[in-house]
Amino acid sequence: MLVEVNHLTKRFGKFTAVNDVSFGIEPGEIIGMLGPNGAGKTTTIHMILGLITPSEGEVRIFGHDIRTHREEILQAINFTSPYVAFPYRLTVLENLLVFARLYNVPRRREKIDAMLEMFGITDLRDKPVARLSSGENTRVGLAKAMLNDPRLLLLDEPTAYLDPEIAWQVKELMMRVQRENGTTILYTSHNMAEVEQMCSRIVFLNHGRVIAQGSPIEITQAILKEERDEPALEEVFLRVVRERISA
Amino acid sequence: MKLHRVMAVIVRHCYEARRNVDRFMDMVYWPVLDIILWGFFTIYLRQGNQLRPDVVSFLLGAVILWGIFFAFQRDMTVGFLDELWARNMINLFSSPLGVWEYITGLICVNLVKTLVGFACASAIAITAYRFNIVPYLGAFLPFILTLVLFAFAIGIMMAGLIVRFTTRIQTLAWSFAGLLQPVSCILYPIKSLPRVLRPVAWILPTTHAFEGMRQVLAGGGFSRLHFVWGMGLNAGYFAAAILFFNWIFASARNKGLLVKIE
C-alpha cells in the first residue's frame, strides 16, 4: 500500500469530525473520497498532510508515519484545493518560483513553463494572483501541485470553480498524469460523473464515518441497497444527503 | 534544516517587499520620520541653549536603536500575518517546509530590512543633525545585538499568539513594543522612573541596551555589566519564546487551527 489510513479519528472538543476511518491506496490508483459537506473529507486530507494531528489512529505513507517522517513524505507528495490561496501581490511566476524552491525542483523555470503550458495558463505568467479569476487560480494551484512530480497527489475539489470545459480538460490531464507517471491520486469532488470516470475505487464518508468503500458500482449497490448494472453516484449522493436532512 | 527551503522563504518575502507598499513604508518611512521629528526637537533645544551637547546624541542614538528593536519585532509578526492575509498557510505547511525553516528565512529578510531602515535613519542623522552614529558602532554593536535578540524573542511569541488567536489580535504586531517603550528607558535613565516600575525595567533587555548606550555616549566606555545582564535576560526570553512557539504550534495542529487561520 502506498497510503494506509488506520482507524483515523479526529475530535474537536465534543464534536467528532472523523470517526474511525480506515482505507488504503495502492500505488498508481485514483481513489475518490465522496461525501456531503461536513462529512470529514477535508479533515481527513489535512490529517494525511500532517496539518492536523489525529486524536487517534495513524497515517502511513510510503510505509512511514507522517508524524515521524513529515519532511521526506511531503517532499514526494503535493496538494491543492481551490479553497486555499497564494500571496496575491506576487505574480503567478513568482509564486511558482517560491514553491519550486521549497520542493527543490531542478531547472525551476523550465519546469514552471511546462506546467503553465500544461494547464493552459502561460499568458498568466506575469499577472499578479490578485487579478486572476477563481478558475485561473485553481489552475495555478494545480500547476503548483505538479511542480515536484509527486508520487501522491491530494486534490480537494480541484474542479469546483472551473467551467465545464476546463474541468473536463483538468480531469483528462489528471488521468494522463496517472497513466504516464503512475501518480497516485486521492480526489474529492462534488461532480459525480467526474468521479465515476476517474476513480477505480471510492471511499464514501458521512458524519465522519466510512459508510461504504469499493468500486463505483459496488458503492451504488451498497448504498442504494439494490442490484444495478451501471454506477449511479449522483443518486447515491442525493440519497445520503436526503437521509441526512431527514435525520 | 534545508537551505533551499530557507531561501524560498527569503525569496517569497523579497517579492512581497518589492510589490507591497506597506512593507516599503515599514522599512524606510517610519525610521526616517522618527529621526526627522526628533532631529527637529534637538534643533529647538539647541536654539534655546537648554541642552547639554551629549543629550542630542542620547536622543538621536536612542531613536535609531529603538527603531531597530521596533522594526525587527514588528516584521517578525507581520511576516506571519502576510501568510494569514494571503491564506497561504496550508500551501506552505503542506510542503516539506518546517516552521523553524520559515522563521529562519523570516529572520534573514528582517535583518536586511532593519539594516536598510537603520542606514536611512543614520544617513539623515549625519547630514541633517550632525550626529554620526558610525564612530560609536563598535561599542553599540553588543547593545544592538541585545535589542535584535529581544525583538526576535518577542516576535516569535507574538507569532505564536497569532497562530493561536489569528488576525483577531493582529494589532499586537504594531502595539506590543509600545507597551515596553515607557519601561525600556529609551530617552531617560532608569532612575527617572517611579520606584515601583524600576524592577520591571531591570528585567527588560531593552533597558540594559539603552543604559549601556548612554554610558558609551557619555564617554563612560562599554558597559560589560549591562551587556551581560541584557544577554542573560535574552537567553531566558529566547528559550521561553521557543518553548512557547513549539507548544502553541503543536497545539494549533491538534486543534486544527493551522488550516482555519485567516
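## Describing the domain arrangement of chain A
All names here are of chain A.
Moving on, step 1. If you check the domain split of chain A, you get domain 1 (3-76 + 150-246) and domain 2 (83-149).
Moving on, step 2. Each of domain 1 and domain 2 has a C-alpha centre, and these two points are 25 Å apart.
Moving on, step 3. Counting from both sides, the interface comprises 11 residues of domain 1 and, opposite them, nine residues of domain 2.
Moving on, step 4. Looking at the side of domain 1 that touches domain 2 element by element, the count peaks at four residues for helix 6 (residues 164-181).
Moving on, step 5. Its residues assigned to classes, the side of domain 1 that touches domain 2 comprises eight nonpolar, two polar and one charged.

## What to know about the environment of A:Ile52
Moving on, step 1. Among the secondary structure elements, A:Ile52 is positioned in the loop between helix 1 (41-48) and strand 4 (56-61).
Moving on, step 2. When the 26 C-beta atoms within 10 Å are taken as the criterion, A:Ile52 is described as buried.

## Describing the sheet that holds strand 7 (residues 152-156) of chain A
All names here are of chain A.
Moving on, step 1. Strand order in the open sheet made by the six strands is 6-7-8-3-9-10, with mixed pairing throughout. Two strands close off the open sheet at either side, each with one partner strand: strand 6 (77-80) and strand 10 (209-214). Within the sheet, the average angular offset between the axes of one strand and its neighbour, ignoring direction, is 15°.
Moving on, step 2. With four bridges joining them, strand 6 and strand 7 adopt parallel strand pairing. Within strand 7, the position partnered with threonine 80 by the bridge is leucine 155.
Moving on, step 3. Along the sheet face, helix 1 touches strand 3 (30-34), strand 7, strand 8 (184-188) and strand 9 (201-206) and points at about 150° away from the line of strand 7.

## Here we look at helix 1 of chain A
All names here are of chain A.
Moving on, step 1. In terms of residue burial, helix 1 counts as a mostly covered element, since eight of its eight residues are buried.
Moving on, step 2. Listed as buried for helix 1 are Lys41, Thr42, Thr43, Thr44, Ile45, His46, Met47 and Ile48.
Moving on, step 3. Phi turns positive one or two residues past the end of helix 1, at glycine 50, with a value near 80°.

## Some points on the packing of helix 3 (residues 92-102) of chain A against helix 1 (residues 3-19) of chain B
Moving on, step 1. Viewed as axis vectors pointing N to C, helix 3 of chain A and helix 1 of chain B meet at an angle of 165°, and their least axial separation amounts to 7 Å. Considering the angle they form, helix 3 of chain A stands roughly antiparallel to helix 1 of chain B. Of the two elements, helix 3 of chain A crosses helix 1 of chain B, and the hand of that crossing is left-handed. Between helix 3 of chain A, through A:Glu94, A:Leu97, A:Val98, A:Arg101 and A:Leu102, and helix 1 of chain B, the contact on the second element is made entirely by B:His4, B:Arg5, B:Met7, B:Ala8, B:Val11, B:Arg12 and B:Tyr15.
Moving on, step 2. Of the residues that constitute the contact of helix 3 of chain A with helix 1 of chain B, the class distribution is seven nonpolar, one polar and four charged.

## Quick look at unusual backbone geometry
Moving on, step 1. Positioned with a positive phi, A:Asn104 is a non-glycine residue whose angle comes to about 55°.
Moving on, step 2. Tracing the backbone shows A:Asn104 in the loop between helix 3 and helix 4 (108-118).
Moving on, step 3. For B:Arg87, which is not glycine, the phi torsion reads 50° and is therefore positive.
Moving on, step 4. Along the chain, the position of B:Arg87 falls in the loop between helix 3 (53-85) and helix 4 (89-93).

## Details of the environment of A:Leu51
Moving on, step 1. Mapped onto the elements, A:Leu51 comes out in the loop between helix 1 and strand 4.
Moving on, step 2. Apart from residues lying up to four places away in sequence, A:Leu51 is in contact with A:His46, B:Ile90, B:Phe93, B:Ser94, B:Arg253, B:Leu258 and B:Val259.

## Looking at the nonpolar core
When a protein is soluble and globular, its nonpolar side chains tend to lie buried together.
Moving on, step 1. Core analysis: the biggest nonpolar cluster contains 150 residues, and A:Leu154, B:Leu60, B:Leu65 and B:Phe69 have the highest contact counts within it.
Moving on, step 2. Excluding its chain neighbours within four sequence positions, the residues that come into contact with B:Leu60 are B:Ile35, B:Trp38, B:Gly39, B:Thr42, B:Ala125, B:Tyr129 and B:Phe131.

## Some words on the packing of helix 2 (residues 21-47) of chain B against helix 5 (residues 99-129) of chain B
Residues and elements named next belong to chain B.
Moving on, step 1. Contact pair helix 2 / helix 5: the axes reach a minimum separation of 8 Å and the direction vectors enclose 25°. By the angle between their directions, the pair helix 2 and helix 5 is classed as roughly parallel. You can see that helix 2 and helix 5 cross each other, and the crossing is right-handed. Of helix 5, the residues touching helix 2 (which contributes Met27, Val28, Pro31, Val32, Ile35, Ile36, Gly39 and Thr42) are Lys113, Val116, Gly117, Cys120, Ala121, Ile124, Ala125, Ala128 and Tyr129.
Moving on, step 2. Considered class by class, the residues forming the contact of helix 2 with helix 5 number 13 nonpolar, three polar and one charged.

## Points about the environment of A:Gln221
Residues and elements named next belong to chain A.
Moving on, step 1. Examined against the element boundaries, glutamine 221 turns out to sit in helix 8 (residues 216-224).
Moving on, step 2. C-alpha of glutamine 221 to C-alpha of valine 236: the two residues are 15 residues apart in sequence and 8.9 Å apart in space.
Moving on, step 3. Once residues within four sequence positions are removed from consideration, glutamine 221 is found in contact with Glu226, Glu227 and Arg228.

## With respect to the sheet that holds strand 1 (residues 3-12) of chain A
All names here are of chain A.
Moving on, step 1. In spatial order, the strands read 2-1-4-5; together these four strands make up an open sheet with antiparallel pairing. A strand with exactly one partner marks an edge of an open sheet, and here the two such strands are strand 2 (15-25) and strand 5 (64-65).
Moving on, step 2. Pairing geometry for strand 4 and strand 5, over two bridges, is antiparallel. Residue pairing for strand 5: isoleucine 61 is matched across the bridge by histidine 64.
Moving on, step 3. Along the sheet, helix 1 makes contact with strand 1, strand 2 and strand 4, crossing strand 1 at roughly 115°.

## What about the interface of chain A and chain B?
It is common to give the size of an interface as the accessible area lost on bringing the parts into contact.
Moving on, step 1. Between chain A and chain B, the residue contacts involve 25 residues of the former and 28 residues of the latter.
Moving on, step 2. The leading source of residues in the side of chain A that touches chain B is helix 3 of chain A, at six residues.
Moving on, step 3. A breakdown of the residues in the side of chain A that touches chain B according to their chemical character gives 17 nonpolar, four polar and four charged.

About the thresholds
- Residues numbered from 1 in each chain as written.
- Chains lettered and ligands numbered in written order.
- Predicted model: local features only at pLDDT ≥ 70, side-chain atom pairs only at ≥ 80, totals over all residues.
- Domains from an automatic or database assignment.
- Contact = placed C-beta atoms within 7 Å.
- Helix = DSSP H or I, 4+ residues; strand = E, 2+ residues; numbered from the N terminus.
- Nonpolar A, V, L, I, M, F, W, Y, C, P; charged D, E, K, R; others polar.
- Buried ≥ 20, exposed ≤ 12 C-beta atoms within 10 Å, placed from the backbone.
- Pairing = 2+ DSSP bridges.
- Axes fitted to C-alpha atoms, helices over the stretch in contact; angles between N-to-C directions.
- Parallel < 35°, antiparallel > 145°, perpendicular 65-115°, else oblique.
- Left-handed = near helix turned anticlockwise from the far one by under 90°.
- Core = buried A, V, L, I, M, F, W, Y, C linked by C-beta atoms within 7 Å.

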